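One-letter residues, chain by chain:
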Amino acid sequence: MLVCPRCKKSLEIVKTLHLGPDGSSDEYNFQLVRCAHCQLHAAGAYEESRRGSDASWHHDVIEIDRGDWNRIHGDIERCSTPETASCTCEIHKQYGETDESDYHRPLRGMHTIGTWLPIESVR
Ligand SMILES: [Zn+2]
Ligand SMILES: [Zn+2]
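Residues numbered from 1 in each chain as written. Chains lettered and ligands numbered in written order. Predicted model: local features only at pLDDT ≥ 70, side-chain atom pairs only at ≥ 80, totals over all residues.

Topic: the confidence of the model for the chain
Summary statistics for the chain give a mean pLDDT of 95 and a share of 100% for residues scoring 70 or more. Here strand β7 (residues 120-121) stands out as the element of the chain with the lowest mean pLDDT, 90, in contrast to helix α1 (residues 66-77), whose mean of 98 is the highest. (pLDDT = per-residue confidence, 0-100. Helix = DSSP H or I, 4+ residues; strand = E, 2+ residues; numbered from the N terminus.)

Here is the structure:
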């Protein structure tokens, strides 16, 4: 189970959009997460890197404006293959765009609240 960074109860992944590699990750999964207990509505990023000798991953969340959350939810629903990073639909193009440093910035233009927090996972 994933642990809500705010109330420590369980965090639900509502949507996942696989964005593929960028300048620092081999895998980048953009997610919408929600906590049914404290009503945290957030975006998540799961990044995995297999470059060099130290393979690593991190999984973080950041609270976002509810209107943006709903908009992203509707956007991801418009893609029929959200878990296919090589999908070439408009939504994948829009969210998977990389910036001048070659990093994914799926939250560009969104209203975020607070800072990125690591997600813990417990069995
Ligand atoms: Zn919570
Ligand atoms: Zn797509």
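Examining the sheet that holds strand β3 (residues 27-35)
One key point about sheets: their strands pair by backbone hydrogen bonds, in either a parallel or an antiparallel sense. The seven strands lie next to each other as β6-β5-β4-β3-β2-β1-β7, forming an open sheet whose pairing is antiparallel. What marks the edges here is a single partner per strand, and that holds for β6 (112-118) and β7. Here strand β5 (residues 56-64) runs beside β6; their pairing, made up of four bridges, is antiparallel. Note on β6: the bridge partner recorded for Glu63 is Ile113. (Pairing = 2+ DSSP bridges.)

What about the pairing of strand β4 (residues 41-49)?
The two faces of the sheet receive side chains in turn, since in a regular strand these alternate between them. Bridge count between β3 and β4: eight bridges; the pairing is antiparallel. Considered in β4, the bridge of Tyr28 is made with Glu47. In this structure, the hairpin formed by β3 and β4 is closed by a connection of five residues, where Gln39 is found at a positive phi of approximately 65°. Where β4 folds back onto β5 in an antiparallel hairpin, the turn is made up of six residues, including Gly52, whose phi is positive at roughly 65°.

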